[in-house]
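Listed below, chain by chain, are the residues.
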Amino acid sequence: IADLFVAAETAHGIAEGRTTFSAELLDIYLQEATEVLGTVHEHLERARRTPSAPDVLVPIRRGFHTLKGSGRMVGLTRLADAAWSVERLLNGWLEAEH
């Protein structure tokens, strides 16, 4: 999934003449995003098995928070904005549970 977003954002950036991202930071981001998405996937599977477990949402929210911050750091603003939207949704769910 991360590769698709990066390819789309990179193509968009090139189309706009915005090629000032660091290849090294992008590589680090891809590695981190792969790990984060793996963790999110694991917790989503757990959430499907035990949907009433409130603690299962916290690591998912944290993952999207990380994708938001890291995405912004490397200039993947659309991905960061999407991650921020999911993070806000999860924040609302978590607040409603307390």
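Residues numbered from 1 in each chain as written. Predicted model: local features only at pLDDT ≥ 70, side-chain atom pairs only at ≥ 80, totals over all residues. Heavy atoms only, no water.

Caption draft 1: Focus on helix α3 (residues 57-73). Taking 1.5 Å as the rise per residue, α3 with 17 residues should run 24 Å; its terminal C-alpha atoms sit 24 Å apart, in good agreement. Of all the positions in α3, only Leu57, Pro59, Ile60, Gly63, Phe64, Leu67, Lys68, Ser70 and Gly71 are classed as buried. For α3, the elements touching its buried residues are α2 (23-49) and α4 (77-97). Of the residues flanking the end of α3, it is glycine 75, one or two places downstream, whose phi is positive at about 90 degrees. (Helix = DSSP H or I, 4+ residues; strand = E, 2+ residues; numbered from the N terminus. Expected span 1.5 Å × (residues − 1). Buried < 20%, exposed > 50% of the residue type's maximum accessible area, 1.4 Å probe, protein only. Contact = heavy atoms within 4.5 Å.)

Caption draft 2: Quick look at the nonpolar core. Ranked by internal contacts, the top residues of the largest apolar core, which has 17 residues, are Tyr29, Phe64, Leu67 and Leu76. Where this core is concerned, the elements lending two or more residues are α2, α3 and α4. Sort the elements by how many residues they give to this core and α2 lands first, with six residues. Not counting residues within four places of it along the chain, the set of residues in contact with phenylalanine 64 comprises Val40, Ala83, Val86, Glu87 and Leu90. (Core = buried A, V, L, I, M, F, W, Y, C linked by side-chain atoms within 4.5 Å.)

Caption draft 3: Up close: the side chain of serine 70. Inspection of the secondary structure puts serine 70 in helix α3. For serine 70, a relative accessible area of 9% gives the class buried. Ignoring any residue separated from it by four or fewer positions in sequence, one finds serine 70 in contact with Tyr29 and Glu32.

Caption draft 4: View of the packing of aromatic side chains. A complete count under the given rule lists zero aromatic pairs for this structure. The ring centre of tryptophan 84 lies 5.7 Å from the NZ or CZ of arginine 72, which sits over that ring. Over the face of the ring belonging to tryptophan 84 we find arginine 88, whose NZ or CZ atom lies 4.0 Å from the ring centre. (Phe/Tyr/Trp six-rings, centres within 6.5 Å; stacked < 30°, edge-to-face > 60°. Lys NZ or Arg CZ within 6 Å of the ring centre and 35° of its normal.)

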